[in-house]
Amino acid sequence: MARTAEVVIIGGGIHGCSIAYHLAKCGVKNVLVVEKGFLASGGTGRSAAGFRHQFGTEVNIRLAAASIKKLERLAEELDYPYGIELFQGGYLMLAYSASQLEQLRKNASLQNRLVNAGTLILSPREIAELLPGLNLEGVVGGSFNPRDGHANPFHVTYAYARAARRLGVEIQTYTEVVEILHSTSRVLGVRTSRGEVIYAPVVVNAAGPHGGVVARMVGVDVPLYPERHQILVTEPVEMFIPCMVISFTHGTYFKQTPHGSILMGVGDPAGEVKDFNQRSSWQFLVDVATKMTFHLPALRRARVIRQWAGLYDMTPDSQAILGPVPGLDGFYLDIGWSGHGFQLGPIVGQIMAEMITGQEPAVDVSYFSIERFKTGQLIPEPACV
Amino acid sequence: MKREVRFAEIAVVGGGPAGLCAALEAARAGARVVLLDRQDHLGGQLIKQTHRFFGSKSHRASQRGFKIAEALTREVASHPAVEVHTGATVFGFYEDGVLGVEQKGRVFYLKPARVIVATGAAERTLAFPNNDLPGIYGAGAVQTLVNVYGILPGRRVLMVGAGNIGVIVSYQLLQAGMEVAAIVEAAPVIGAYWVHAAKVRRAGVPIYTSHTIKEAYGKREVEGAVIWQLDGDGKPIPGTEKDLAVDTICLSVGLSPLIELLAQAGCRLAYVPELGGHVPLRDENLQTTVPGVYVAGDAAGVEEASAAMMEGALAGLHAAYSLGYGQQDYEARRAAIREQLEALRSGPVGEKIRRGLSKAIIQL
């Protein structure tokens, strides 16, 4: 059985669904999304789903500003009746040393200069006013942007998927791409686990941590590796964390969802497995409980509901790999987001659609080209866990 | 919290009939056992079972459930190789085979060489309007209230489900002084043993087969229920509604195996309706597809307490044997337990279970 599509997108996370929607909105007919699990079953649905202007490199700052603008009116734009649980209570980045505060100051001035972000530098006293439940021990200051926040990653993905379907996009879940058909110079289509061959001039790799596996199907090596990260969630408690919080010193981040649960994660790249294992570890439970009760002593009495794991798609500079692959026409990459992919999905979907349809991208993302690994000119993103 | 792990030879999760027998059998073979139960007492659901058991003498027949629990608990408590932890909830089965245990507000981690999961089953519920009104209980919960705590849930009850539990609990509620307005059963036949059903019928309780509950009503708590008849396809027949003034509705609509820990452990599961839902695939010794992880009792498939005890014994025996204990007596002991188990499951009563087991038992 054989059929055709204009574009096949591999991966039904926020990026795959956002690309599909934006392509259809640009008038591309016959777009197919192939997802091996259910929508948002990978990194998207497993993330804490924060969004923030507060990055340290120009490209990410510009992307974040544009993405947050889209998130602010996303439910409306996509006519999504359930809402995306958008919570713009701000994002607080804690500094525990003078050099850290200096870096946050530098990042903030870059953010404010480039996109008029409105990021503030707060003193410990101002942080105490903002978040009275926080243990200030060791805190020398922080940066805060009141328009940052968090959302529900499932709703955001479903919102794009619904809107995409309305525009004629087909989404196949529980279907895996097992082969990418290609010649020496271009992609020709895909073969799926349903036994179906879909001929297509464009194939997009938005497979998250599986992006390396997918790229190897066409003989393209990307420096991408999966890295497990884990999250813990508590029972719902009275609202006392009005903003998302991150500490690079402790590798911790946390938020309180609209219904009161507290989500908390610890980035522990040294201790975490670098493969596709998504199971939970008890060591994480011990770590996160120790660190979280340090940050928020009131949590000592909160009960844990569950913990889970997800995979970051890490690259050497913690930056994405985006755009066409020279020498292989029709093959596009949207992978390697290294833990901050959810929040940039809305704007990156648009940019990918612009690239595929030959338009000028809304934000200059040329840095993200796979070519940078040949020249070795890497600019790591400093603001991630 | 500390990053400390205790090692153990065999951990048994759940101190009901299956877990108690697993612990005893393994300890008798010479293994050291840690038995964990989240309740403050051992015995599981046996402690509320005041009726006499069926079967032969070796299955503790004609004994009452709570007496069996007392006897097994005594044996376990007096066995030097069994370490009992009550009030201890196993909350996680981690990637490296470590169990997370919460006991009275403290957490510890246990890494056993073998794990026997005997977590039992949970009561199912039904979807109908106002099913969240106070006064609506699971039959097991009512049995606990009445038989363990001596509390009557109300004055007049509608029982939904005419399986053994529904009918036995109805009779016990009559004995305790409640009025049973009716028993409804969606199937066209009564599922319970006739001896139990006959008792409630003699007491004047109507049993409506091919009937179900349509809705409950009441302002702040249950004031009544509407039942109606089902046609041959299980669809309700409008116009057959009966209104029953009751203050209690008791749901006895089956149990689902509690397999969460086994799923976390990575055991392969299969959906087997005859066994109550998703159950782990396992071999004749109750070992799952994860080496060293066993299942026994209702967690392996909803059956009844006598079979659970035999399964527990088989799992405990093999777990100990696989660690080098009880090598001499193993074959004889195994044959004896299996013979008893087969006897329990023989005949027309065991037909459904046998069919279910044929889908769940595999060669490892």
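Note that the structure is predicted; figures quoted are calculated from it, not measured.

(A) Expanded view of the overall build of chain B. When its secondary structure is counted, chain B shows 9 helices and 19 strands. Whereas a compact globule of 364 residues would reach a radius of gyration of roughly 21 Å, chain B reaches 21 Å, a difference of no more than 12%. Seen through its C-alpha atoms, chain B measures out along the principal axes to roughly 65 × 50 × 35 Å. Taking all 364 residues of chain B together, 51% fall into the buried category.

(B) Expanded view of the overall build of chain A. A tally of regular secondary structure across chain A gives 11 helices and 20 strands. Relative to a compact globule of 385 residues, whose C-alpha radius of gyration would be 21 Å, chain A shows 20 Å and is just as compact. Expressed as lengths along the three principal axes of its C-alpha atoms, the size of chain A is roughly 65 × 40 × 40 Å. Within chain A, the proportion of its 385 residues that are buried is 59%. Within chain A, contacts between residues at least 6 apart in sequence are counted, and of these 74% link residues at least 24 apart. As displayed, chain A has an accessible area near 14,900 Å², and 53% of this comes from carbon and sulfur atoms.

(C) Main features of the sheet that holds strand β12 (residues 211-217) of chain B. All names here are of chain B. Read from one edge to the other, the open sheet built from 3 strands follows the order β12-β13-β14, with strand pairing classed as antiparallel. Strand pairing shows two members of the sheet lacking a second neighbour, β12 and β14 (242-244), which therefore form its edges. Between one strand and the next, the sheet's axes are offset by a mean angle of 25°, whatever the strand orientation. Summarising the sheet, strand β13 (residues 224-229) and β14 pair through 3 bridges and their orientation is antiparallel. Residue pairing across strands places V226 opposite D243, the latter belonging to β14.

(D) Quick peek at the pattern of salt bridges. Within the structure shown, the criterion is met by 27 salt bridges over all chains. We note a salt bridge from E95(B) to R228(A), for which the minimum N-O separation is 2.9 Å. With E95(B) in the loop between β4 (88-93) and β5 (99-103) and R228(A) in strand β14 (residues 225-234), this pair bridges two chains. For E95(B), a relative accessible area of 28% corresponds to the partly exposed category. Taking the relative accessible area as the measure of exposure, R228(A) reaches 3% and is therefore buried. With a closest N to O distance of 3.1 Å, E371(A) and K374(A) form a salt bridge. The class of E371(A) is partly exposed, set by a relative accessible area of 31%. It is possible to trace a salt-bridge network through shared partners that takes in E274(B), E351(B), R355(B) and K359(B).

(E) Up close: the nonpolar core. Counting 65 residues, the largest nonpolar core has I10(B), V12(B), V33(B), L35(B), L36(B), L99(B) and I116(B) as the members making the most contacts within it. In this view, L99(B) contacts A11(B), V13(B), L36(B), V90(B), G92(B), F93(B), F108(B), Y109(B), L110(B), P112(B) and V115(B); residues no more than four positions away in its chain are not counted. Residues V31(A), L71(A), A163(A) and Y332(A) belong to the second largest nonpolar core, which totals 57 residues.

(F) Structural context of the interface of chain B and chain A. Chain B puts 15 residues into the contact, and the matching count from chain A is 13 residues. Counting each side, the surface lost to burial between chain B and chain A is near 1,200 Å², with a carbon and sulfur contribution of 54%. One can count 1 salt bridge joining chain B with chain A. Joining chain B to chain A, the criterion identifies 5 residue pairs in polar contact (both at pLDDT 80 or more). Elements represented by at least two residues in the side of chain B that touches chain A include exactly β4 and α6 (260-265) of chain B. When the residues that make up the side of chain B that touches chain A are grouped by side-chain class, the tally is 8 nonpolar, 2 polar and 5 charged.

(G) Summary view of the domain arrangement of chain A. Residues and elements named next belong to chain A. As far as domains go, chain A holds domain 1 (2-49 + 153-224 + 317-375) and domain 2 (87-147 + 226-314). Summarising the inter-unit geometry, the C-alpha centres of domain 1 and domain 2 are found 29 Å apart. Interface area for domain 1 against domain 2, summed over the two sides, is near 1,300 Å², with a carbon-plus-sulfur share of 58%. Together, R46, A48 and P209 form the three largest contributors to the area buried by domain 1 at its contact with domain 2, with a combined 48%. At the boundary of domain 1 and domain 2, one finds 0 salt bridges. Viewed at the interface, domain 2 and domain 1 are joined by 7 residue pairs in polar contact (both at pLDDT 80 or more).

(H) Summary view of a nonpolar patch on the surface. Residue and element names in this part refer to chain B. On the surface, a nonpolar cluster with roughly 290 Å² of combined accessible area is contributed by V148, Y149 and I151. Here V148 lies in helix α3 (residues 139-148). Note on V148: relative accessible area 32%, which makes it partly exposed.

(I) How the structure looks around the sheet that holds strand β6 (residues 120-122) of chain A. Residues and elements named next belong to chain A. What the 8 strands build is an open sheet, ordered β6-β7-β5-β15-β16-β17-β14-β18; its pairing is mixed. Since the sheet does not close on itself, it has two edges, and those belong to β6 and β18 (304-314), each with one partner. Between one strand axis and the next, the sheet turns through 20° on average, direction left out of account. Across 3 bridges, the pairing between strand β15 (residues 244-247) and strand β16 (residues 252-256) is antiparallel. Note on β16: the bridge partner recorded for I246 is Y253. Relative to the sheet, helix α5 (residues 98-115) contacts β5 (91-95), β6 and β7 (141-145), its axis offset from that of β5 by approximately 145°. The sheet contacts of helix α9 (residues 282-295) involve β14, β15, β16, β17 (262-266) and β18, and relative to β17 the element is tilted by about 115°.

(J) Main features of the packing of helix α1 (residues 14-25) of chain A against helix α7 (residues 153-166) of chain A. Residues and elements named next belong to chain A. Relative orientation of the contacting elements α1 and α7 amounts to 30°, with a least axis distance of 8 Å. The angle between α1 and α7 falls in the class roughly parallel. The two elements α1 and α7 cross, and the hand of that crossing is left-handed. Contacts from I14, C17, S18, A20, Y21 and H22 in α1 reach V156, T157, Y160, A161, A163 and A164 in α7. Grouping the constituent residues of the contact of α1 with α7 by class yields 9 nonpolar, 3 polar and no charged.

About the criteria used
Residues numbered from 1 in each chain as written. Chains lettered and ligands numbered in written order. Predicted model: local features only at pLDDT ≥ 70, side-chain atom pairs only at ≥ 80, totals over all residues. Heavy atoms only, no water. Helix = DSSP H or I, 4+ residues; strand = E, 2+ residues; numbered from the N terminus. Rg over C-alpha atoms; globule rule 2.2 N^0.38 Å. Buried < 20%, exposed > 50% of the residue type's maximum accessible area, 1.4 Å probe, protein only. Contact = heavy atoms within 4.5 Å. Areas by Shrake-Rupley, 256 points an atom, 1.4 Å probe, with all protein chains shown as cover. Pairing = 2+ DSSP bridges. Axes fitted to C-alpha atoms, helices over the stretch in contact; angles between N-to-C directions. Salt bridge = Lys/Arg side-chain N within 4 Å of Asp/Glu carboxyl O. Core = buried A, V, L, I, M, F, W, Y, C linked by side-chain atoms within 4.5 Å. Buried area = accessible area lost by both parts, 1.4 Å probe. Polar contact = N/O pair within 3.5 Å; in protein donor to acceptor, adjacent residues only side chain to side chain. Nonpolar A, V, L, I, M, F, W, Y, C, P; charged D, E, K, R; others polar. Domains from an automatic or database assignment. Patch = residues over 30% accessible without salt bridge, like charges linked within 9 Å, V, L, I, M, F, W, Y side chains within 5 Å. Parallel < 35°, antiparallel > 145°, perpendicular 65-115°, else oblique. Left-handed = near helix turned anticlockwise from the far one by under 90°.

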